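This is what each chain is made of:
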Amino acid sequence: MPQGKKATIKDVAREAKVSISVVSYVLNSSTEKSISPATRDRVMEAAKRLQYVPNRAASGMRRKHSMVIGVVSYWELDVLVFTDMMKGITRKSSAANYRILFCHRESKQDDVSYLQYCQDGSIDGIVFIAPYESLGLIDEAFHIRQMKEAKVPFVVLNGSTHEDGVSYINVDYCGSTYLATSYLIGKGHKDIAYVAPLELHYTELERRLQGYQDAMSNSRLPVRCHDVKELPDCLHGLKAVVTNKSDTAHSVLQAAHKLGIDVPRELAVIAANTEAYSSYLFPPLSTVRIPAERMGELAVETLLEQLTGAAEPKLIMPPCALEIRQTC
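Residues numbered from 1 in each chain as written. Predicted model: local features only at pLDDT ≥ 70, side-chain atom pairs only at ≥ 80, totals over all residues. Heavy atoms only, no water.

The secondary structure content of the chain amounts to 11 helices and 12 strands. A compact globule built from 328 residues should have a C-alpha radius of gyration of about 20 Å, whereas the chain, at 25 Å, is more than 25% larger. When its C-alpha atoms are laid out on the principal axes, the chain stretches across 80 × 40 × 35 Å. Per-residue burial for the chain yields a buried fraction of 48% across its 328 residues. The long-range fraction of contacts in the chain, counting pairs at least 24 apart against all pairs at least 6 apart in sequence, stands at 71%. A total of about 16800 Å² of accessible surface is found on the chain, and carbon and sulfur atoms cover 50% of it. Within the chain, the 38 negative side-chain charges are centred at a point lying 11 Å from the centre of the 38 positive side-chain charges. (Helix = DSSP H or I, 4+ residues; strand = E, 2+ residues; numbered from the N terminus. Rg over C-alpha atoms; globule rule 2.2 N^0.38 Å. Buried < 20%, exposed > 50% of the residue type's maximum accessible area, 1.4 Å probe, protein only. Contact = heavy atoms within 4.5 Å. Areas by Shrake-Rupley, 256 points an atom, 1.4 Å probe, with all protein chains shown as cover. Lys, Arg positive; Asp, Glu negative; His and termini not counted. Charge placed at Lys NZ, Arg CZ, Asp CG, Glu CD.)

Written out as structure tokens, the structure reads:
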């Protein structure tokens, strides 16, 4: 091949001594046609020798797909759950030969300009990462209506709405506090308090509170709730605390330190989420890990099912996991 000239799919086919269609099947990991392992190896080796780079855009045009997934997010970019979600989205998209077009929205306005990418064929579908409801950044239902009207396939990550015909991959907020409380009960604690910003009223807090109440009720233990504003007064006499998030747990640890309460010898503390700093607190904070990477993978899997026309609307909440450190 002349120096400086890019290899084409025809060059790979000639080098591997197969048809162009066989090269296309192999490089696109197609299962439509049975191809022997030896032939696949020969094609891959030929492509590597020739340094062949597939033209994804042209390939997508032939299939009437762009092979690009749009990720629309209103989250802060440095939040652990968000970065983990993106890891899962990226990994699963890459495995399916899809690229990602990332649309980050910092505006508090209901900006739906991302739909232009669907209308001009730049993306095949959307993974919509909704922010925490408490932040009040967007009207989630409004965005869902706009995506429905645009007839674009989409999946909502971390949704707080319950719209018909929509697939959601959500955090199991109820399960997070249930898991944390059950762990303390399993350690022999019977007087377990729940600390959170109870004056606020939104879905996430309500579900976390419900998880704590369910775990206590199932073990026939008394429910005891305190608003974070009551710290440090409410810590006197407490033996174990479950908090809604790591920042609340941090406040508990600070109040305990000022009162001379030893954690975990005198007070056990566990948070129902994990932040990047959780393991760096003193003592390192025991937490519940949100399966954000798996949520990202499930969002892409669900969207790809929609693109093949084989998906029914679903709600998936993958289970959380404990990360026990030194506070309980």
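This brings us to unusual backbone geometry. Geometrically, the link from Val-263 to Pro-264 is a cis peptide bond, its omega value of 15 degrees lying close to zero. Cis geometry is found at the peptide bond from Phe-282 to Pro-283, where omega equals -10 degrees. Among the structural elements, Pro-283 can be located in the loop between β9 (268–271) and β10 (286–289). With a phi close to 55 degrees, Gln-51 is a non-glycine residue in the positive phi region. Inspection of the secondary structure puts Gln-51 in the loop between α3 (37–49) and α4 (56–62). Given a relative accessible area of 67%, Gln-51 falls into the exposed group. Despite not being glycine, Lys-151 shows a phi value in the positive range, around 55 degrees.

Quick look at the environment of Ile-69 now. With respect to the helices and strands, the residue Ile-69 is situated in strand β1 (residues 68–73). The sequence separation of Ile-69 and Ile-126 amounts to 57 residues, and the corresponding C-alpha distance is 5.9 Å. Dropping the residues within four chain positions of it, Ile-69 is found in contact with Ser-93, Tyr-98, Arg-99, Ile-100, Leu-101, Ile-123, Gly-125, Val-127, Val-300, Leu-303 and Leu-304.

A separate point is the sheet that holds strand β5 (residues 168–169). Ordered by their spatial adjacency, 6 strands build an open sheet running β2-β1-β3-β4-β5-β11, and the pairing between neighbours is parallel. Of all strands in the sheet, those bounded by a partner on one side alone are β2 (99–104) and β11 (315–316). Here strand β3 (residues 125–129) pairs with strand β4 (residues 154–157) via 4 bridges, running parallel. When the sheet's bridge partners are listed, Phe-128 is paired in β4 with Val-156. Sheet strands in contact with helix α7 (residues 140–149) are β3, β4 and β5, and its direction is about 165 degrees off that of β4. (Pairing = 2+ DSSP bridges. Axes fitted to C-alpha atoms, helices over the stretch in contact; angles between N-to-C directions.)

Together, Leu-77, Ile-100 and Phe-102 make up an exposed nonpolar region whose accessible area comes to about 230 Å². Mapped onto the fold, Leu-77 is located in the loop between β1 and α5 (80–95). (Patch = residues over 30% accessible without salt bridge, like charges linked within 9 Å, V, L, I, M, F, W, Y side chains within 5 Å. Salt bridge = Lys/Arg side-chain N within 4 Å of Asp/Glu carboxyl O.)

Another aspect to go through is helix α1 (residues 9–16). By the burial criterion, the buried members of α1 are Asp-11, Val-12, Ala-13 and Ala-16. Check the buried side of α1 and you find it contacts α2 (20–27) and α3. Within two residues after α1, Lys-17 carries a phi angle of roughly 60 degrees, on the positive side.

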